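Coordinates in review
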Amino acid sequence: MTLDPEITDNAELHRYELPVDGQVAVVTYNLSPPNLMITETLVPQALEGRGIASRLARHVIADARARDLLILPVCPFFAAFFQKHPDQADVVHPAYRISLGLPT
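**Quick notes on the packing of helix α1 (residues 52-66) against helix α2 (residues 76-84)**
As a packed pair, α1 and α2 sit with axes 11 Å apart at the nearest point and diverge in direction by 80°. Overall, the two elements α1 and α2 adopt an arrangement that is roughly perpendicular. Contacts between α1 and α2 involve Ala53, Ser54, Ala57, Arg58, Val60 and Ile61 on the former and, on the latter, Phe77, Phe78, Phe81 and Phe82. Counted by class, the contact of α1 with α2 contains 8 nonpolar, 1 polar and 1 charged residues.

**Here's the deal with unusual backbone geometry**
Cis peptide bonds are those with omega within 30 degrees of zero, and the linkage from Pro33 to Pro34 qualifies with 10°. The residue Asp21 is not glycine, and still its phi comes out positive at about 50°. For Asp21, the position within the fold is in the loop between β2 (15-20) and β3 (23-32). You can call Asp21 exposed: its relative accessible area is 59%.

Reading guide: rules and limits
- Residue numbers here run from 1 along each chain, matching the order of that chain's written sequence.
- It should be noted that, the model being predicted, local features are given only for residues of pLDDT at least 70 and side-chain atom pairs only at 80 or more, the latter also being counted only at that level, while totals for whole chains, interfaces and linings use all residues.
- Hydrogens and waters are ignored; side-chain quantities use all the structure's heavy atoms.
- Simply put, an axis is a line fit to the C-alpha atoms, just over the touching stretch for a helix, and the angle between two N-to-C directions goes from 0 to 180 degrees.
- Working definition: helices are DSSP H or I runs of at least four residues, strands are E runs of at least two. Numbering for both runs from the N terminus.
- Every angle not falling under 35 degrees, over 145, or within 65 to 115 is termed oblique; those three ranges are roughly parallel, roughly antiparallel and roughly perpendicular.
- We call two residues in contact when some of their heavy atoms are within 4.5 Å.
- Note on residue classes: Ala, Val, Leu, Ile, Met, Phe, Trp, Tyr, Cys and Pro are nonpolar, Asp, Glu, Lys and Arg are charged, and everything else, Gly too, is polar.
- Whether a residue is buried, partly exposed or exposed follows from its accessible area with a 1.4 Å probe, protein chains only, as a fraction of its type maximum: under 20%, in between, or over 50%, in that order.

All we've got here are geometric facts, nothing functional implied.
Here is the structure:
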């Protein structure tokens, strides 16, 4: 999977950003290698229903894989995303896989 060139990692603000129609959707995180804790996914209301949160999730997952990081999906959206896409669970921290009922 390739990374989305429009999504950037704003490391200073601890968030991935995707500008769309003059607004910015974000995924906030805390990085403590080898862990990447995803804390929140925020999509402006005007952008909802366009698959933007899923697009961000796919990007973050690909980035975590490329950087050999394990995701701690504290964010409810990310937890639900992994439950809908258990094939992506390899990048989730083992303790979170168990708590989310994902394959170990």
